[in-house]
Amino acid sequence: MLKAISMWALRDNEKRPARSLFAEAKEHGFQGIELTMGTAGIVTPQTGESEAAQIRKAAQQEGIAISSLASGLGWQHPLSSEDPQVRNGGIEIQKAALRIGGWLGVDCLLLVPGMVSGFNARGPEHVPYDVAIENMRASITKLIPAAEKARVKIGVENVWNKVLLSPLEMRDFADGFRSPWVVSYLDVGNMIVTGYAEDWVKILGKRISCVHFKDFKREVGTLAGFCDLLEGDVNYPAVMKGLRAVGYNGPCVAEFFGIDSAALRKVSGAMDRIFTM
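Quick summary incoming for the structure in this document.

Rules of the game
- Residues numbered from 1 in each chain as written.
- Predicted model: local features only at pLDDT ≥ 70, side-chain atom pairs only at ≥ 80, totals over all residues.
- Heavy atoms only, no water.
- Phe/Tyr/Trp six-rings, centres within 6.5 Å; stacked < 30°, edge-to-face > 60°.
- Lys NZ or Arg CZ within 6 Å of the ring centre and 35° of its normal.
- Helix = DSSP H or I, 4+ residues; strand = E, 2+ residues; numbered from the N terminus.
- Polar contact = N/O pair within 3.5 Å; in protein donor to acceptor, adjacent residues only side chain to side chain.
- Contact = heavy atoms within 4.5 Å.
- Buried < 20%, exposed > 50% of the residue type's maximum accessible area, 1.4 Å probe, protein only.
- Expected span 1.5 Å × (residues − 1).
- Bend = angle between axes of the 7 residues up to and from the residue.
- Pairing = 2+ DSSP bridges.
- Axes fitted to C-alpha atoms, helices over the stretch in contact; angles between N-to-C directions.

1. Description of the packing of aromatic side chains
One pass over the structure, following the stated rule, counts seven aromatic pairs. Here the guanidinium or amino end of Lys 3 rests over the ring plane of Phe 30, the centre of that ring lying 5.4 Å away.

What follows is the structure, given as structure tokens:
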């Protein structure tokens, strides 16, 4: 398995050049880095092929792999929206992400597939559950040709979006496309408020194309429950046993946001311990 860190974890990641971000990740013991696409930073929907080639070259020069690409823009442009204009805008953004991911040489794009609503009361529109599923399915179907052309899998992530709430539902949703280009991007911390990561690993199995490492304290039950690795309720021994049982050997990406050097070292050390479990 590849030990990787999310670009979101690095401070001032939207203002720094790629080479600086790659060097910091490598310095703290990570083998790979998950790039993130936003409205600013080294990868945006407007990133061109030559820019992507320069980013890829910088990673090679620093000796670090680009493990994956994450697009957080699915929150602002949900594929589940009842507004066709919003959905179509989201589809075009994710097509760009797949295209850029292909240029970067990644295997998987993290996709926020849509939502019934955001993870708090101030989130976007409330979309009825059945309508959200239908719109997400129709939108992702339109992305499959772009994924196949780019040779980048669409990794549907389990997030706090009030939909696809069980591993059985996520399994059936992915299988419904009957396409090898629609898979699971498993976040082992996001389901702890309602379930168990090891159940998701077992049920999703070979569908898992990429994994986020996080931890969460179930008794807190809010965003404040996310915590340092090995300090929450993720059963990492069971998770690692499960991942090995299903033959997973891909990226394990620690997802944090804007942490300092000491915290990066702590994350790196915790991941080393997890890999021995």
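2. Details of the side chain of Asp 215
Mapping Asp 215 onto the fold places it in strand β8 (residues 215-216). Engagement of the side chain of Asp 215 in a polar contact is seen with the backbone nitrogen of Glu 231, the distance being 3.3 Å. The contacts of Asp 215, once residues within four sequence positions are left out, are Gly 225, Phe 226, Cys 227, Asp 228, Leu 229, Leu 230, Glu 231, Gly 232, Asp 233, Val 234 and Tyr 236.

3. Looking at the environment of Lys 162
One can find Lys 162 in the loop between β5 (153-157) and α5 (167-175). Its relative accessible area of 36% is what places Lys 162 among the partly exposed residues. Separated by 132 residues in sequence, Lys 162 and Phe 30 place their C-alpha atoms 32 Å apart. A polar contact of 3.4 Å, which involves the side chain of Lys 162, links it to the side chain of Ser 117.

4. Quick notes on helix α4 (residues 129-150)
Every α-helix carries 3.6 residues per turn, so stepping three or four residues along brings you back to the same face. In this model α4 runs 31 Å from its N-terminal to its C-terminal C-alpha over 22 residues, within 8% of the 32 Å that 1.5 Å per residue would give. Roughly 30 degrees is the biggest bend found in α4, and it falls at Leu 143, with proline Pro 145 one to four residues downstream. Residues Ala 132, Ile 133, Asn 135, Met 136, Ser 139, Ile 140, Leu 143, Ile 144, Ala 147 and Ala 150 constitute the buried set of α4. Against α3 (84-104), β4 (108-111), β5, α5 and β6 (182-187) lie the buried residues of α4.

5. Brief notes about the sheet that holds β4
The sheet built from eight strands closes into a barrel, its strands ordered β1-β2-β3-β4-β5-β6-β7-β10 with parallel pairing. Across the sheet, the axes of successive neighbouring strands diverge by a mean angle of 30 degrees, strand direction being ignored. The sheet contact formed by β4 and β5 spans four bridges and is parallel. Residue pairing for β5: Leu 109 is matched across the bridge by Ile 154.

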